[in-house]
Amino acid sequence: MTQLELAKSGVVSPQMKAVAQYEGVEAESIRHGVAEGTIVIPANTHHTNLIPCGIGQGLKTKVNANIGTSSDFGNVDTELEKLRVAIECGADAVMDLSTGGDISAIRQAIVAASSVPIGTVPIYQAGIKAIDSHGAIVKMTVDELFAGIEEHVCQGVDFITVHCGVTQSAIDRLKQQGRVADVVSRGGAFLIGWMLYNERENPLYEYYDRLLKLAREFDVTLSLGDGMRPGSLADATDRAQVEELLTLGELVQRAQQAGVQAMVEGPGHLPLNQIEANVQLQKAICKGAPFYVLGPLVTDIGAGYDHITGAIGGAIAAAAGTDFLCYVTPSEHLSLPDPEDVKQGVIASRIAAHAGDIVKGVKGAQEWDNKMSVARKKLGWEEQARLSLDPELSRRVHSKHAPEGKACSMCGEYCAMQLVEEFLGVSAVKC
Ligand code: SF4
């Protein structure tokens, strides 16, 4: 039985217990959330060294890091290094989006090395295989697409992005309204090309039951992709995006009825004032299914700093109820990320996730900040480093200019913390 089927039948699985322990909540509340479809635990039965992670309502906001080769760059060693850095920096999940080299071998190595859930987008590899064997993605057969998905799930991938909501009617809406940036989802673009060339419905939509059967067999969580996500602020919350979301809401329901866990992916590029509405729309249409946003980026002009534009959007999205943030790195829109980009992206997204958790009232979130404030008040530099998201950076920056006394070099002898304690007798001891 899948986690969802177990939860529905009243069973608290070892995975649910592990998630409850990590979150500091009752196991029964995790079981209830999984049964309701508001929490997913991506845990492929073939991913043997996985430490289960829960994503959804009432839980800490989770962060995903995308890694993977491109057709131009990368190999298994660099991807394993990115995986190591991502996990070390606190990523809760990693997606392998490899499109170059021996894709199957790279994925196998990543799954074997990963203690966090691994996600993939199977249509990338299926499309590349179709180019190799038929000369074009549009010549891919439906069986080849499903064989590609089967290979991923058999290898132990915990969640797969499947762009099932890119239907002919969503394409019609896209054509009618027009867009500035058209389609920026690679998987969405592959499918749209295939559908227009073959004049057929999206096979992931038409044969959704076949997909559900595969996912159920290995307890793979479906991450229902947003092929129509806006790639420009000008295209945010347009009719094509909303049309796709309506379909995804129906597909979440069908997945849950089939015993398959499902979450829903979302934008993309969104102005600040549309983020909360997007979260509410997704939550209402998808009956509380976990929401997984890609950023969102709050401006289109942050090239080189898009981990910041993504973190601003991510914080607002998380505070509004988003459950899972896909990181954005400084390389976004420019280049394949390297391990340092991965580090910057994960930490930026973790700041966003934590800022959201404080607003959500997630257990332990505010307490973490309180401990940091006490350590600051006490001028406890090692404690501050230990409590920070990047302890090594905290120590390095603090020791950049060796101070004379206990204070740091920012204000030196005029340290407010010290002055208040010395002259007013106010201390942080009560904390
Ligand atoms: S010197 Fe200034 S910045 Fe440094 S701890 Fe004291 S008040 Fe804070």
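See the structure printed just above.
Residues numbered from 1 in each chain as written. Predicted model: local features only at pLDDT ≥ 70, side-chain atom pairs only at ≥ 80, totals over all residues. Heavy atoms only, no water.

Draft legend 1. Up close: the nonpolar core. By size, the foremost hydrophobic cluster in this structure holds 76 residues, and its most contacted members are Ile149, Ile160, Tyr208, Leu211, Leu222 and Leu224. Setting aside anything within four residues of it in sequence, one finds tyrosine 208 in contact with Cys164, Pro203, Leu222, Leu224, Leu251, Val252, Arg254 and Ala255. One finds Val63, Leu270, Val293 and Val298 within the second-largest nonpolar core, a separate group that totals 15 residues. (Core = buried A, V, L, I, M, F, W, Y, C linked by side-chain atoms within 4.5 Å. Buried < 20%, exposed > 50% of the residue type's maximum accessible area, 1.4 Å probe, protein only. Contact = heavy atoms within 4.5 Å.)

Draft legend 2. Summary view of the pairing of strand 6 (residues 159–162). The side-chain alternation of strand 6 yields two buried faces, one formed by Phe159 and Thr161 and the other by Ile160 and Val162. Summarising the sheet, strand 5 (residues 118–120) and strand 6 pair through two bridges and their orientation is parallel. Residue pairing for strand 6: glycine 119 is matched across the bridge by phenylalanine 159. Judged from the four bridges that link them, strand 6 and strand 7 (residues 221–224) form a sheet pairing that is parallel. Bridged to threonine 161 within strand 7 is serine 223. (Helix = DSSP H or I, 4+ residues; strand = E, 2+ residues; numbered from the N terminus. Pairing = 2+ DSSP bridges.)

Draft legend 3. Spotlight on the pattern of salt bridges. For the coordinates displayed, the defined rule picks out 19 salt bridges. For glutamate 383, the salt bridge is made with arginine 386, and the minimal N-O distance between the two is 3.0 Å. Of this pair, glutamate 383 and arginine 386 both sit in helix 17 (residues 381–387), three residues apart, which is roughly one turn of the helix. Among the charged side chains, a salt-bridge network with shared partners connects Glu81, Arg84 and Glu88. (Salt bridge = Lys/Arg side-chain N within 4 Å of Asp/Glu carboxyl O.)

Draft legend 4. How the structure looks around the site of the ligand. Contacts to the ligand come from Leu379, Trp381, Ala407, Cys408, Met410, Cys411, Cys415 and Ala416. Here the shell around the ligand is composed, by residue class, of eight nonpolar, no polar and no charged. (Near = heavy atom within 4 Å. Nonpolar A, V, L, I, M, F, W, Y, C, P; charged D, E, K, R; others polar.)

Draft legend 5. Focus on unusual backbone geometry. The peptide bond linking proline 267 to glycine 268 adopts the cis configuration, its omega dihedral lying at 20°. Mapped onto the elements, glycine 268 comes out in the loop between strand 8 (262–266) and helix 13 (272–285). Looking along the chain, the bond that leaves glycine 295 and enters proline 296 is cis, with omega of -15°. With respect to the helices and strands, the residue proline 296 is situated in the loop between strand 9 (291–294) and helix 14 (306–319). The phi angle at glutamate 199 is positive, at roughly 50°, despite the residue not being glycine. Even without a glycine there, the phi angle at aspartate 219 is positive, about 55°.

Draft legend 6. Region of the structure containing the sheet that holds strand 5. With parallel pairing, the eight strands of this closed barrel are ordered in space as 3-4-5-6-7-8-9-10. The sheet shows a mean angle of 25° between the axes of neighbouring strands, taken without regard to direction. Both strand 7 and strand 8 contribute to a ladder of three bridges, which runs parallel. Within strand 8, the residue paired with leucine 224 across the bridge is valine 264. The strands touched by helix 4 (residues 76–88) within the sheet are strand 3 (62–67), strand 4 (93–96) and strand 5, with strand 3 carrying the most contacts at an inclination of about 165°. Across the sheet, helix 11 (residues 208–218) touches strand 6 and strand 7, and the angle it forms with strand 7 is around 140°. (Axes fitted to C-alpha atoms, helices over the stretch in contact; angles between N-to-C directions.)

Draft legend 7. Quick look at the packing of helix 14 against helix 15 (residues 339–360). One can describe the packing of helix 14 onto helix 15 by two numbers: an axis separation of 7 Å at closest approach and a directional angle of 25°. Considered as vectors, helix 14 and helix 15 are oriented roughly parallel to each other. In terms of crossing hand, the pair formed by helix 14 and helix 15 is right-handed. Where helix 14 abuts helix 15, its residues His307, Ala311, Gly314, Ala315, Ala318 and Ala319 lie against Gln344, Gly345, Ala348, Ala352, Ala353, Ala355, Gly356, Val359 and Lys360. (Parallel < 35°, antiparallel > 145°, perpendicular 65-115°, else oblique. Left-handed = near helix turned anticlockwise from the far one by under 90°.)

Draft legend 8. Main features of the packing of helix 15 against helix 16 (residues 365–377). Contact geometry for helix 15 and helix 16: axes closest at 8 Å, N-to-C directions at 110°. Classified by the interaxial angle, the pair formed by helix 15 and helix 16 is roughly perpendicular. Across from Arg350, His354, Asp357 and Ile358 in helix 15, the residues of helix 16 making contact are Ala365, Gln366, Trp368 and Asp369. Residues belonging to the contact of helix 15 with helix 16 are distributed by class as follows: three nonpolar, two polar and three charged.

Draft legend 9. A look at the packing of aromatic side chains. Within this structure, the stated rule accounts for four aromatic pairs. Considering the side-chain rings of tyrosine 124 and phenylalanine 190, the 6.2 Å spacing of their centres and the 65° angle between planes classify their relative orientation as edge-to-face. Placement of the pair is tyrosine 124 in helix 6 (residues 122–134) and phenylalanine 190 in helix 9 (residues 186–198), with a sequence separation of 66 residues. Tyrosine 124 sits in the buried class, given a relative accessible area of 9%. Through a chain of ring-to-ring contacts, the aromatic side chains of Phe159, Tyr292 and Phe324 assemble into a single cluster. Over the ring of tyrosine 22 we find lysine 60, and its NZ or CZ is 4.3 Å from the ring centre. One cation-aromatic arrangement involves arginine 186 over tyrosine 124; the distance from NZ or CZ to the ring centre is 4.3 Å. (Phe/Tyr/Trp six-rings, centres within 6.5 Å; stacked < 30°, edge-to-face > 60°. Lys NZ or Arg CZ within 6 Å of the ring centre and 35° of its normal.)

Just geometry here; none of it tells us what the structure is for.
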